[in-house]
Amino acid sequence: FTAFVPTPFKPTDFLKAYTEGGIIVLEELNLYDPAVTMGALGQAIEFPFTLQRDGYETVHRHPMCIIISTMNVGTYGSKQLSQALSSRHKQTFVLDDPKKDDFIKILRTSGGSKEVCTWVYTVYSRIINYLVNNNAEELCMNVTLRGCQGALENLEEGMDPERAIECSLIGKIAECDLELARNVSDSVFLSLAPCPPFQ
């Protein structure tokens, strides 16, 4: 005879912040299934502010618990946020893309010099401008800050600058339209100043 010994309940970080206070960030909220999200969070983020700990014990949200949801709009794979869930968030803040100086400052956190980060930003801007001017604006969402950071990592690892850009930025266009990606590559590198050495 083997006695059943239940596994002790271990609260998640979410539950700890919910009941003890803290900041909870729900990233990419519009990538989740809207019905599941609403079912899981509906009563947690509005009155009566409750969850079921371990499936049966009702717990209440701590007054110093803040829940923030983030999402990118218009990206492939995203879903429209449930209107019921959206209405339970009392504010919606729209964040625009960073301006040139802020963009370069963010890139500098990846370790490249200001000159290298400015060069990567210049290439990024040329790619975006090409897409906009050639009626392919929907693909601008494929060319991202993360891609620029990837290009910097490639440069740091010794990759040729043009290849670093092709792999991290132009390759994302190729995932959707190979011919367009080749046209972008041909255009972007024309009369482009050489990339400074990565430092």
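In this report, the structure presented in the accompanying data block is examined.

Here is what the cut-offs are and how they apply
Residues numbered from 1 in each chain as written. Predicted model: local features only at pLDDT ≥ 70, side-chain atom pairs only at ≥ 80, totals over all residues. Heavy atoms only, no water. Axes fitted to C-alpha atoms, helices over the stretch in contact; angles between N-to-C directions. Helix = DSSP H or I, 4+ residues; strand = E, 2+ residues; numbered from the N terminus. Left-handed = near helix turned anticlockwise from the far one by under 90°. Contact = heavy atoms within 4.5 Å. Nonpolar A, V, L, I, M, F, W, Y, C, P; charged D, E, K, R; others polar. Phe/Tyr/Trp six-rings, centres within 6.5 Å; stacked < 30°, edge-to-face > 60°. Patch = residues over 30% accessible without salt bridge, like charges linked within 9 Å, V, L, I, M, F, W, Y side chains within 5 Å. Areas by Shrake-Rupley, 256 points an atom, 1.4 Å probe, with all protein chains shown as cover. Salt bridge = Lys/Arg side-chain N within 4 Å of Asp/Glu carboxyl O. Buried < 20%, exposed > 50% of the residue type's maximum accessible area, 1.4 Å probe, protein only. Expected span 1.5 Å × (residues − 1).

**Details of the packing of helix α5 (residues 114-133) against helix α7 (residues 161-174)**
Okay, so step 1: In contact at an axis separation of 11 Å, α5 and α7 are set at 35° when each is read in the N-to-C sense. Handedness of the α5/α7 crossing: right-handed. Between α5 and α7, the residues in contact are Trp119, Val123, Ile127 and Leu131 and Pro161, Ile165, Leu169, Ile170 and Ile173, respectively.
Okay, so step 2: For the contact of α5 with α7, the class distribution of residues is nine nonpolar, no polar and no charged.

**Observations concerning the packing of aromatic side chains**
Okay, so step 1: Across all of its chains, the model carries four aromatic pairs by this definition.
Okay, so step 2: These aromatic residues form a ring-pair network of at least three members: Phe103, Tyr121 and Tyr124.

**A closer look at a nonpolar patch on the surface**
Okay, so step 1: Residues Ile23, Val25, Ile66 and Ile68 make up a contiguous nonpolar surface patch of about 360 Å² in total accessible area.
Okay, so step 2: Sorting the residues of the nonpolar patch by element identifies β1 (22-26) and β4 (65-69) as the ones contributing at least two each.
Okay, so step 3: Summarising the element assignment, Ile23 is placed in strand β1.
Okay, so step 4: Note on Ile23: relative accessible area 59%, which makes it exposed.

**Remarks on α5**
Okay, so step 1: Spanning 20 residues, α5 covers 28 Å between terminal C-alpha atoms, matching the ideal 28 Å at 1.5 Å per step.
Okay, so step 2: When α5 is considered as a whole, its buried residues turn out to be Val116, Cys117, Trp119, Val120, Tyr121, Val123, Tyr124, Ser125, Ile127, Ile128, Tyr130 and Leu131.
Okay, so step 3: Buried residues belonging to α5 abut α4 (100-108), α6 (145-156), α7 and α8 (178-188).

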